[in-house]
Amino acid sequence: MCTVTFMPQRTGYCLAMNRDEKRTRPEGLAPALRNRRGSQVMYPSEPSGGTWIALNNTGVSFALINWYSVAQRVKRAALSRGEIIPSLSSASSWKLAHAFLNDLPLDRINPFRLVSVFPTSQEVIEWRWDLQQLVYHKHPWRLQQWVSSGFDEATAQAARGRVFKQAQSQKSAGTMDWLRRLHRSHLPNKSPLSTCMHREDAVTVSYTEISVFGNRARMEYVGGAPCSSKASRYHLQAPPTETETGSYQLQTDDQHAAGLASNLELSRAKPQFAQRAPCQICGGI
Ligand SMILES: [Zn+2]
């Protein structure tokens, strides 16, 4: 159960994701920096280590949603879908990601949809696995949304799709504020169908926002429903001039606080999500 929105920008893009989960599921852990196949990758995680969204140091991002419309399930010894992104998150091209995906024991993984954004080539690729075949689709570089729901996927997609379409007629459409309002929206009502999802046994448990503009890459994470005020912010910023390899350097707040040699800045604060407080370390937002 999740909503993922891709929003292109003049010099980059944003990818926002509401993660909807059962209330009984262990709470996710805030983003941390990892080393994957020699590359720096940042992602929040399950306590067991898996994840649903990631950003790597080439500005590439990945978001995974379940595919409930496909009823078939792995019969035994299923591999968690949370393991998919960690295994391919270092990929700087969709062809590399495709190769990593094909290396996975897909016959042990339940149906999923994986959305990935490659800013250098301006490609939005979606893979779909239905336990029969892995197919990929190249989406246009334009505003779009993906929805999954274990409640009633078709109805949730239609309801959120209507809200998404209506929101696009707003004057602020395409701005970061607009994207955040959309992801904390309770339209048509606070329910299993709203983008910020609420139901008795499940809720939107986190909001993750990736933004890549020019030579800046940032991940922001709200641990809790985006309509609530509980927020942990992660602010990643590339150097003013790109590194030799043109890649982004990601850094944790611990490293930043320790003053390790880097031009990168990252802040962690607890502001009201609706009110963007400046970074307490660098003054930026
Ligand atoms: Zn809400």
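Thresholds, definitions, all that
- Residues numbered from 1 in each chain as written.
- Predicted model: local features only at pLDDT ≥ 70, side-chain atom pairs only at ≥ 80, totals over all residues.
- Pairing = 2+ DSSP bridges.
- Helix = DSSP H or I, 4+ residues; strand = E, 2+ residues; numbered from the N terminus.
- Axes fitted to C-alpha atoms, helices over the stretch in contact; angles between N-to-C directions.
- Buried ≥ 20, exposed ≤ 12 C-beta atoms within 10 Å, placed from the backbone.

Asks: Explanation requested: the sheet that holds strand 3 (residues 29–36) in the structure shown.
Replies: By definition, the strands of a sheet pair up through backbone hydrogen bonds, in either a parallel or an antiparallel sense. Pairing within the open sheet is antiparallel, and its seven strands lie in the order 3-4-5-6-7-8-9. Edge positions in the open sheet fall to strand 3 and strand 9 (134–139), since each of these has one partner strand only. Neighbour-to-neighbour, the strand axes of the sheet open up by a mean angle of 20 degrees, direction not taken into account. Where strand 8 (residues 123–129) and strand 9 come together, six bridges link them in antiparallel fashion. Of the residues in strand 9, the one forming a bridge with Ile 125 is Lys 138.

Asks: Quick question: what am I supposed to make of unusual backbone geometry here?
Replies: When glycine is set aside, most residues are seen to have a negative phi, and most peptide bonds are trans. Residue Pro 188 follows Leu 187 across a cis peptide bond; omega there is 0 degrees. Considering the arrangement of structural elements, one finds Pro 188 in the loop between helix 4 (176–183) and strand 11 (202–213). Non-glycine residue Arg 37 carries a positive phi angle of around 50 degrees. The backbone of Ala 77 sits at a positive phi, close to 50 degrees, despite the residue not being glycine. One can find Ala 77 in the loop between strand 6 (61–66) and helix 1 (84–88).

Asks: Where do I start with the environment of His 137 in this structure?
Replies: Residue placement: His 137 occurs in strand 9. Judged by the 11 C-beta atoms lying within 10 Å of it, His 137 is exposed. In sequence terms His 137 and Glu 126 are 11 residues apart; their C-alpha atoms lie 5.2 Å from each other.

Asks: Would you mind showing me how to read the sheet that holds strand 10 (residues 144–148) here?
Replies: Read from one edge to the other, the open sheet built from five strands follows the order 10-1-2-11-12, with strand pairing classed as antiparallel. Each edge of the sheet is formed by a strand with only one pairing partner; in this case those strands are strand 10 and strand 12 (216–223). Each strand axis lies, on average, 10 degrees off the axis of its neighbour in the sheet, ignoring direction. For strand 11 and strand 12, the ladder comprises eight bridges, and the chain directions are antiparallel.

Asks: Mind showing me how you'd approach the pairing of strand 9 here?
Replies: Walk down a regular strand and you will see the side chains alternate between the two sheet faces. Of all six residues making up strand 9, only zero are buried, and the element is barely covered by its neighbours. Between strand 8 and the antiparallel strand that follows it, strand 9, lie four residues; Leu 131 among them carries a positive phi value of about 75 degrees.

Asks: Hey, could you run me through the pairing of strand 7 (residues 112–118) in this one?
Replies: Taken across its seven residues, strand 7 has seven buried, putting it largely inside the fold. Burial of the side chains of strand 7 extends over both faces: Phe 112, Leu 114, Ser 116 and Phe 118 are buried on one face and Arg 113, Val 115 and Val 117 on the other. Bridge count for strand 6 against strand 7 is six bridges, and the pairing is antiparallel. Bridge assignment links Ile 65 to a residue of strand 7, and that residue is Arg 113. Where strand 7 and strand 8 come together, seven bridges link them in antiparallel fashion. Paired with Arg 113 across the bridge in strand 8 is Arg 128. A loop of four residues connects strand 7 with strand 8, the two strands running antiparallel in sequence, and Gln 122 in this loop sits at a positive phi of about 50 degrees.

Coordinates in, geometry out; function isn't part of it.
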